[in-house]
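Here is how the chains run, residue by residue.
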Amino acid sequence: MQLIIEMIRRVFQIIFGVFIFDCPGLQQCRNIMYKIMFSKFGSKNVLSSKISFYVPHGLKMGKVVVGNKVRISENVAIDCSAGLTIEDNVWISENTIILNHEHIIEGRELKKSKAVEVTDGLTIGEDAWLGANVIILPKVKKIGRGAIIGAGSVVTKDVEDYDIVAGNPAKKIGQR
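Residues numbered from 1 in each chain as written. Predicted model: local features only at pLDDT ≥ 70, side-chain atom pairs only at ≥ 80, totals over all residues. Heavy atoms only, no water.

What should I look at first to understand the pairing of strand β19 (residues 170-175) in this one?
Sheet faces and side chains relate simply in a regular strand, where the side chains alternate between the two faces. With five bridges connecting them, strand β18 (residues 163-167) and β19 associate as antiparallel partners. Within β19, the position partnered with Gly167 by the bridge is Ala170. If you look at the hairpin formed by β18 and β19, you'll find two residues sitting between the two strands. (Pairing = 2+ DSSP bridges. Helix = DSSP H or I, 4+ residues; strand = E, 2+ residues; numbered from the N terminus.)

Shown next, in the form of C-alpha cells:
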C-alpha cells in the first residue's frame, strides 16, 4: 500500500511539476497539491517546476512541514524519508539535494542486500538561504535560523544560527 501511495505522489508531482504551473494563476494549483501531500504547508509559498519530494526504497514518508513564504527553485530533490521542517522565509536555490537516509556499508555484501538507515530528520531554520547546487547529507539535523549555505557546498554537519558556511565539506566562513 505504501508503494502505491508513493507512486501516486510521484505522478502528481510530475504533473504539477511541469513549468506551465509556474504561471501565477496555476501556481495555486501546485500549492493545493502540496497542501494535500504534507502535514502542514504554509501560505504564500513559491515552489518552482521540477521539484521532487520523494521517499526512496519503499520507506515511509516522515512528517513534512513547510512554513510560510518559502521559495524553492527549480530541480530541487528532497528526501522525505525522515521528518523535515522548513520554517518561514526559507529560500532553497536550484539544483539542491537534501538527503535523509543512508546505506549501511559494513561488510562486503551486495548493495541491494544492505539495510537503509533513516536519520532523525532535518529542520531548516527561519530565513535560511541554501545557495545553488548545495547538498545536505544525512545526519545533518539543523540548518540554523538565518544561516547561509554557499553555492556548491556539501553540508556534512549542523549549521548554527546566522552562520555562513561554504565548501566541500562546508566550513564556517563568516556570520550574519
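It is not clear to me how the side chain of Ser93 should be interpreted in this structure. Could you clarify?
Summarising the element assignment, Ser93 is placed in the loop between β8 (91-92) and β9 (97-98). A relative accessible area of 7% means that Ser93 is categorised as buried. One polar contact links Ser93 to Trp129, side chain to side chain, over a distance of 3.3 Å. Among all residues touching Ser93, those that are not within four sequence positions of it are Ser73, Val76, Trp129, Leu130, Gly131 and Ala132. (Buried < 20%, exposed > 50% of the residue type's maximum accessible area, 1.4 Å probe, protein only. Polar contact = N/O pair within 3.5 Å; in protein donor to acceptor, adjacent residues only side chain to side chain. Contact = heavy atoms within 4.5 Å.)

What am I meant to see in the sheet that holds strand β15 (residues 142-143) here?
Strand pairing within a sheet occurs via backbone hydrogen bonds; the two strands may be parallel or antiparallel. Strand order in the open sheet made by the five strands is β1-β4-β7-β12-β15, with parallel pairing throughout. Each edge of the open sheet is held by one strand with a lone partner, namely β1 (40-41) and β15.

It is not clear to me how the side chain of Ser153 should be interpreted in this structure. Could you clarify?
Here Ser153 shows up in the loop between β16 (148-149) and β17 (154-155). A distance of 2.7 Å separates the side chain of Ser153 from the backbone oxygen of Gly150, its partner in a polar contact. Once you skip the residues sitting within four places of it in the chain, Ser153 turns out to touch Asn133, Val134, Ile135, Val165, Ala166, Gly167 and Ala170.

What exactly am I supposed to notice about the pattern of salt bridges here?
Opposite charge on two side chains makes pairing possible when the charged atoms of those side chains draw close. Under the counting rule described, the total for this entry stands at six salt bridges. Salt-bridge contacts for Arg145 lead to Glu126; the nearest nitrogen and oxygen are separated by 3.6 Å. Of this pair, Arg145 sits in the loop between β15 and β16 while Glu126 sits in the loop between β12 (122-124) and β13 (129-130), and the two are 19 residues apart along the sequence. On the accessibility criterion, Glu126 (25% relative accessible area) is partly exposed. One salt-bridge network, held together by shared partners, links Lys142, Glu160 and Asp161. (Salt bridge = Lys/Arg side-chain N within 4 Å of Asp/Glu carboxyl O.)

Whenever I open this one, helix α2 (residues 24-37) confuses me. Can you help?
Given 3.6 residues to a turn, an α-helix orients residues that are three or four positions apart in the same direction. For α2, which comprises 14 residues, the first-to-last C-alpha distance of 21 Å matches the rise-based estimate of 20 Å (1.5 Å per residue) to within 8%. What α2 keeps buried is the set Gln27, Arg30, Asn31, Met33, Tyr34 and Met37. Looking down the long axis of α2, one finds its buried residues gathered within 155° of arc, a one-sided arrangement. Among the exposed residues of α2, those oriented more than 90 degrees off its buried face are Gly25 and Ile36. (Expected span 1.5 Å × (residues − 1). Arc of directions from axis to C-beta.)

Just to check I follow, could you spell out the sheet that holds strand β3 (residues 52-54) for this structure?
Overall, parallel pairing links the five strands, which are arranged β3-β6-β9-β14-β17 in an open sheet. The open sheet has two free edges, formed respectively by β3 and β17, since each of these has just one partner strand. Where strand β6 (residues 77-79) lies against β9, two bridges are found, and the strand directions are parallel. Note that in β9 the partner of Ala77 across the bridge is Ile97.

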